[in-house]
Amino acid sequence: MACMDFHALEAGHLYRRVIDCEGGETACGADGTCTTDAFAYHVSLACNHCDQPACMEVCPTGAMHKDGLGLVQVDHMRCIGCGYCTIACPYHAPSIDPALHQSSKCDGCTSRVEAGKNPICVDACPLRALGWGERTDLAAAHAGEDLTYAVLPLPPSSYTYPNLTIHASAAARRAQEGDLAIANVDELGF
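A few points on the structure.

Analysis parameters
Residues numbered from 1 in each chain as written. Predicted model: local features only at pLDDT ≥ 70, side-chain atom pairs only at ≥ 80, totals over all residues. Heavy atoms only, no water. Helix = DSSP H or I, 4+ residues; strand = E, 2+ residues; numbered from the N terminus. Buried < 20%, exposed > 50% of the residue type's maximum accessible area, 1.4 Å probe, protein only. Contact = heavy atoms within 4.5 Å. Lys, Arg positive; Asp, Glu negative; His and termini not counted. Charge placed at Lys NZ, Arg CZ, Asp CG, Glu CD. Salt bridge = Lys/Arg side-chain N within 4 Å of Asp/Glu carboxyl O. Phe/Tyr/Trp six-rings, centres within 6.5 Å; stacked < 30°, edge-to-face > 60°. Lys NZ or Arg CZ within 6 Å of the ring centre and 35° of its normal. Polar contact = N/O pair within 3.5 Å; in protein donor to acceptor, adjacent residues only side chain to side chain.

So, the overall build of the protein chain
From N to C terminus, the protein chain includes seven helices and 11 strands. Dimensions of the protein chain, computed from C-alpha atoms along their principal axes, come out at roughly 70 × 35 × 30 Å. Within the span of the protein chain, comprising 190 residues, buried residues form 36% of the whole. Taking as baseline every contact in the protein chain between residues at least 6 positions apart, the subset at least 24 positions apart corresponds to 54%. Here the protein chain carries 11 positive and 23 negative side-chain charges, and the mean point of each set is 7 Å from the other.

Here it is, written out as structure tokens:
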């Protein structure tokens, strides 16, 4: 909500999505007792400002580019709204704005970062689940924790080398066994 407010986005136009992942099952025995091995976890996802952005590779006009801060941006003077960036991005970060007919995505809150502030989503997160900074600095700050660069349903990090560090929960590790469903597919916007 903070992102939508800060960027004056229309309802339903999201730069950050939360994927609800779940798995396992509950079984009830003949004696009426039930057991469960159910699990759930959430993945907060926006543009990861990848080191090798797939959106940039397919953009025919060069509208998708990295700025001086290393953030992936859209040059609206060059964007033709073809949607190749949307198709190529494994995180589905860019979308075509229905009013502008151009690509639209998280810009990393460039104006805030340039002013030495965090992106608005980081400051607004009530659980402090989001952080901002260099990937190596974030990893060092969380040394000893179970860190990774991708959990299901995200693709392997070697695809685009996202600037993303995840503290993998036990549930996210368990999902690697293949027992995973996305509970809120309709909210993903793709």
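So, the pattern of salt bridges
Oppositely charged side chains can form a pair if their charged atoms are brought close together. Applying the stated criterion across every chain yields a total of four salt bridges. Residues Asp123 and Arg112 are paired through a salt bridge, measuring 2.6 Å at the closest nitrogen-oxygen approach. Of this pair, Asp123 sits in helix H5 (residues 120–124) while Arg112 sits in helix H4 (residues 110–114), and the two are 11 residues apart along the sequence. Assessed through its relative accessible area of 37%, Asp123 is described here as partly exposed. For Arg112, a relative accessible area of 13% corresponds to the buried category. Taking the shortest distance from any N to any O, the salt bridge between Asp146 and Arg173 comes out at 2.7 Å. Linking Asp146 in the loop between helix H6 (135–141) and strand E9 (147–148) with Arg173 in helix H7 (residues 170–175), this pair joins segments that are 27 residues apart in sequence.

Re the packing of aromatic side chains
Counted under the stated rule, the structure contains zero aromatic pairs. Between the NZ or CZ atom of Arg112 and the centre of the ring of Phe6, over which it lies, the distance is 5.9 Å. A cation sits over an aromatic face here: Arg135 above Tyr149, 5.2 Å from the ring centre.

Some details on the environment of Thr36
On the secondary structure map, Thr36 appears in strand E3 (residues 34–36). In this structure Thr36 comes out as exposed when scored by relative accessible area, which is 52%. A sequence separation of 124 residues divides Thr36 from Thr160, and the C-alpha atoms of the two residues are 37 Å apart. With near-sequence residues (within four places) excluded, Thr36 lies in contact with Glu25 and Thr26. Within the local environment of Thr36, its side chain forms a polar contact with the backbone oxygen of Glu25, the two atoms lying 3.2 Å apart. Side chain to side chain, Thr36 and Thr26 meet in a polar contact 2.9 Å long.

Keep in mind these values describe shape, not function.
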